[in-house]
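# Summary of structural features
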Amino acid sequence: IGTGVGQSVINSCKLSYLPIKTFGFGNNTLAYGLFDCDYFIQTLDVNDDRYIDQLIKLCKNHFIDLIIPGADDEILIFSKNITKFHNANIKVIVAEYELIKFCQDKYKMTEELNKIAPIFVKSFSKETFIKSYNERKINFPVIAKPRFGSGSRDVQIINNLAEIEELNDTFVIQEIALPHN
């Protein structure tokens, strides 16, 4: 409930006029989305080893039979533990673990999917960017972001080679996507 996606899920549930009750799970007692839920239940942090077991127990205690994750950090953990949810008769709307891992790797996803249809922005490692820049195949400015990041955290606008050199190897460098005329 503390993300834009979580808020959208709650809004969609409310707008559906289905006879459902919404439970907002989270560890931030000031999360925007919790005020639109019928109930708020405070949980451990999603990265706590006890989180999934706690969540399943809370769902059983409150007769919750469907979970719709609303944050990037949740979907990978939920998918990885999908059998635990199924064994507890709790449905989770989430893709398969391998697909989520693939989609969260910006570099790998771009490389593989551009082979099928070149519609993604060009992505580079630090090394391949410098090579392409020296060959005049790419120009500044570019964007650097964590290869496995989400939510626009740690995104940087890069304007020169000195800034590229300062990046560590966990960053992917991408051209800036400009709209076509």
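Now for a look at the structure at hand.

## A word on the pairing of strand 6 (residues 142-146)
For strand 6, the tally of buried residues reaches five of five residues, placing the bulk of the element in the interior. Residues Val 142, Ala 144 and Pro 146 of strand 6 are buried on one face, and the alternating residues Ile 143 and Lys 145, pointing to the opposite face, are buried as well. As paired elements, strand 6 and strand 7 (residues 156-158) share three bridges and run antiparallel to each other. Its bridge partner being in strand 7, Ala 144 is matched across the sheet by Gln 156. Looking at chain direction, strand 6 and strand 8 (residues 171-175) are connected through five bridges and run antiparallel. Opposite Val 142, over in strand 8, you have Glu 175 as the bridge partner.

## A closer look at the nonpolar core
Core analysis: the largest hydrophobic core is formed by 17 residues, its most contacted members being Phe 25, Leu 55, Ile 67, Phe 78, Phe 85 and Ile 90. Counting only elements with at least two residues in this core, the list comes to strand 1 (23-26) and helix 2 (51-61). Looking at this core element by element, the count peaks at six residues for helix 2. Setting aside residues up to four positions removed in sequence, Phe 78 forms contacts with Tyr 51, Ile 52, Leu 55, Ile 67, Pro 69, Phe 85 and Val 92. The next biggest cluster of nonpolar side chains, apart from the first, holds eleven residues, and it includes Ala 144, Leu 167, Phe 171 and Ile 173.

Cut-offs used in this document
Residues numbered from 1 in each chain as written. Predicted model: local features only at pLDDT ≥ 70, side-chain atom pairs only at ≥ 80, totals over all residues. Heavy atoms only, no water. Buried < 20%, exposed > 50% of the residue type's maximum accessible area, 1.4 Å probe, protein only. Helix = DSSP H or I, 4+ residues; strand = E, 2+ residues; numbered from the N terminus. Pairing = 2+ DSSP bridges. Core = buried A, V, L, I, M, F, W, Y, C linked by side-chain atoms within 4.5 Å. Contact = heavy atoms within 4.5 Å.

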